[in-house]
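# Secondary and tertiary structure notes
Spelled out, the chains give:
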Amino acid sequence: MKEAIIRILKENEEEFISGQEISNKLNVSRTAIWKYIKLLKEEGYNIDSVSRKGYRLLSSPDIVTYEEIKPFLNTKNIGKKIIHFDSINSTNIKGKALADNGEEEGVVVIAEEQTGGKGRLGRNWVSPKGKGIWMSIILRPNIDPMDATKITQIAAASVYTGLEEIGIESHIKWPNDIVLNGKKICGILTEMSGEMIKINYLVVGIGINANIDYNDFPKEVREKATSIKEELGKEVSRKQIIGNILNNFEKLYNEFLEKGNIESSIKICRDRSILIGKKIKIISKGKEIERLAVDITDTGELIVKDNLGEITKIISGEVSV
Ligand code: BTN
């Protein structure tokens with residue numbers, strides 16, 4: 001009901017609409033409308049109420065609900081249902097629980113704050129309230145589980161393009177980070193439930209440090225992590241970035257499902273790679289080795305070369321420049 005009222009107020013932005021008219025449209029009592037308006041005000045919607053004129057929306061809060069993201073969204077399926085939480089342990093954990101209960105492909109879980117945000121390799125992911133994008137996309141692709149890592153490349157390409165569309169030129173650090181001015185602003189954590197030959201579902205978790213302040217980061221990550229706000233010196237619109245990312249994700253994901261390749265995503269990951277042409281450190285099975293990053297294959301593996309010129313392909317791993 002709240003969503004429906006916001007929609008009506010937004011359709012009539014700058015104009016008054018009477019409580020009676022809203023109640024007629026939604027088929028509920030005027031008292032119920034009044035109660036919902038009160039709730040919306042508490043959520044931060046600035047609504048002017050004048051007797052005999054009705055209600056007028058003056059401004060919306062900076063929250064990332066479906067109603068707020070919708071104006072930026074042009075997808076058919078991805079993000080058509082957004083489950084929004086003010087505070088949650090982790091959108092990936094919630095996404096997996098929802099998927100276990102049958103939630104469908106394309107559903108997106110978004111939180112204003114995560115109290116137990118998960119990074120890769122068991123790390124924590126700092127997720128302060130209202131300052132970042134903490135979201136997880138539920139997918140049920142009919143693909144070989146071996147191909148699941150390709151979804152991370154699709155997500156990385158979508159985040160890059162979503163940011164580029166608002167003039168932010170970032171780079172992709174294979175396989176799952178986005179960096180701005182050399183520091184990490186986004187991490188992707190793709191989790192899978194399935195068997196050897198069949199995927200039940202995937203949950204693609206995307207964390208973006210949008211408007212985080214320097215002091216929000218724990219001291220130990222300050223050297224490597226940053227936020228878009230810190231780098232640009234101004235706040236960015238989380239709603240618009242989410243919309244852009246989901247639009248791009250749907251396009252690239254559909255290309256994969258329809259054509260069976262991730263050509264467009266890989267082109268983006270290659271062109272914007274921060275690794276290619278550089279000496280990198282690869283941490284694998286507790287060992288650190290140095291290689292030259294040469295290219296990314298059409299299927300998303302990183303091609304590296306050792307001092308003797310021997311070429312290897314890496315499927316996944318922890319790398320640093
Ligand atoms: C990384 O270590 O780089 C991956 C970080 C992934 C963080 C995101 S935030 C939304 C989703 N929910 C989580 O708990 N983690 C992912």
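Residues numbered from 1 in each chain as written. Predicted model: local features only at pLDDT ≥ 70, side-chain atom pairs only at ≥ 80, totals over all residues.

## Looking at the UniProt feature "domain: BPL/LPL catalytic" (unreviewed entry) in the protein
Basically, it comes down to this: UniProt positions are given in the numbering used here, feature names are shortened, and annotations may be inferred rather than shown by experiment. Secondary structure elements are taken from DSSP: a helix is a run of H or I of four residues or more, a strand is a run of E of two residues or more, and numbering for both begins at the N terminus.
According to UniProt, the "domain: BPL/LPL catalytic" (unreviewed entry) feature falls on residues 67-257. Annotated as 29% helix and 26% strand, the span residues 67-257 places its first and last C-alpha atoms 28 Å apart.

## So, the site of the ligand
For the record, the criterion: Think of it this way: take the backbone, place a C-beta atom on it, and check whether that atom is within 6 Å of the molecule or strand, in which case the residue is near it. Following the grouping adopted for this structure description, the nonpolar residues are Ala, Val, Leu, Ile, Met, Phe, Trp, Tyr, Cys and Pro, the charged ones are Asp, Glu, Lys and Arg, and the polar ones are all others, Gly among them.
Taken together, the neighbourhood of the ligand is formed by 21 residues, with S90, G119, G187, G205 and G207 sitting nearest. Of all the secondary-structure elements, those providing two or more residues to the shell around the ligand are α5 (91-100), β5 (133-139), β8 (183-194) and β9 (199-208). Within the shell around the ligand, the residues separate by chemical class into 6 nonpolar, 11 polar and 4 charged.

## Quick word on the UniProt feature "binding site: biotin" (unreviewed entry) in the protein
Note the cut-off: To sort residues by exposure, count the other C-beta atoms lying within 10 Å of each residue's C-beta; 20 or more gives buried, 12 or fewer gives exposed, and values between give partly exposed, all with C-beta atoms placed from the backbone. Two residues form a contact once the distance between their C-beta atoms, set from the backbone, is within 7 Å.
In the numbering used here, UniProt assigns the "binding site: biotin" (unreviewed entry) feature to S90, T91, N92, Q114 and K184. Locating N92 in the fold gives a position in helix α5. As for its placement among the helices and strands, Q114 is situated in strand β4 (residues 108-114). Given 26 C-beta atoms within 10 Å, Q114 falls into the buried group. With residues up to four places along the chain from it excluded, the contact list for Q114 reads I88, N89, S90, T91, W125, S127 and W134.

## Let's talk about unusual backbone geometry
Here the amide bond leading from W174 into P175 is cis, since omega sits at 0 degrees, within 30 degrees of zero. In this structure, P175 sits in the loop between β6 (171-173) and β7 (177-180).

## Observations concerning the packing of helix α2 (residues 19-26) against helix α3 (residues 30-43)
To keep things clear, this is the line we draw: Lines fitted to the C-alpha atoms define the axes, with helices restricted to the stretch that makes contact. Angles between their N-to-C directions range from 0 to 180 degrees. Each angle is binned into one of four classes, with values under 35 degrees roughly parallel, values over 145 roughly antiparallel, values of 65 to 115 roughly perpendicular, and all other values oblique.
Two elements in contact, α2 and α3, have axes whose closest approach is 9 Å; the angle formed by their N-to-C orientations is 105 degrees. When the axis of α2 is compared with that of α3, the two are roughly perpendicular. Contacts between α2 and α3 pair G19, Q20, I22 and S23 from the former with R30, I33 and W34 from the latter. Of the residues assigned to the contact of α2 with α3, the class counts are 3 nonpolar, 3 polar and 1 charged.

## Some details on helix α8 (residues 238-259)
Put simply, the test is: Expected helix span is computed as 1.5 Å times (number of residues minus one).
The end-to-end C-alpha distance of α8 is 31 Å, a good match for the 32 Å that 22 residues give at a rise of 1.5 Å each. Directly beyond the C-terminal end of α8, a positive phi value near 80 degrees is found at G260.

## Focus: the sheet that holds strand β12 (residues 302-305)
Our working rule: Two strands qualify as a pair provided DSSP detects at least 2 bridges between them.
The 5 strands are arranged β13-β12-β11-β10-β14 in an open sheet whose pairing can be described as antiparallel. Two strands close off the open sheet at either side, each with one partner strand: β13 (311-314) and β14 (318-320). Mean inter-strand twist for the sheet, computed between neighbouring axes without regard to direction, equals 45 degrees. Bridge count between strand β11 (residues 287-296) and β12: 4 bridges; the pairing is antiparallel. Across the sheet, residue A293 finds its bridge partner in β12, namely V304.

## Description of the pairing of β7
Of the pairings in the sheet, the one linking β6 to β7 comprises 3 bridges and is antiparallel in character. By the bridge assignment for β7, K173 is matched with D177. Remark: 3 residues form the turn of the hairpin made by β6 and β7, two consecutive strands paired antiparallel. Pairing of β7 with β8, which is carried by 4 bridges, proceeds in the antiparallel orientation. Paired with V179 across the two strands is K184, which belongs to β8. Following β7, the chain reverses through 2 residues before pairing antiparallel with β8; N181 in that reversal takes a positive phi of roughly 50 degrees.

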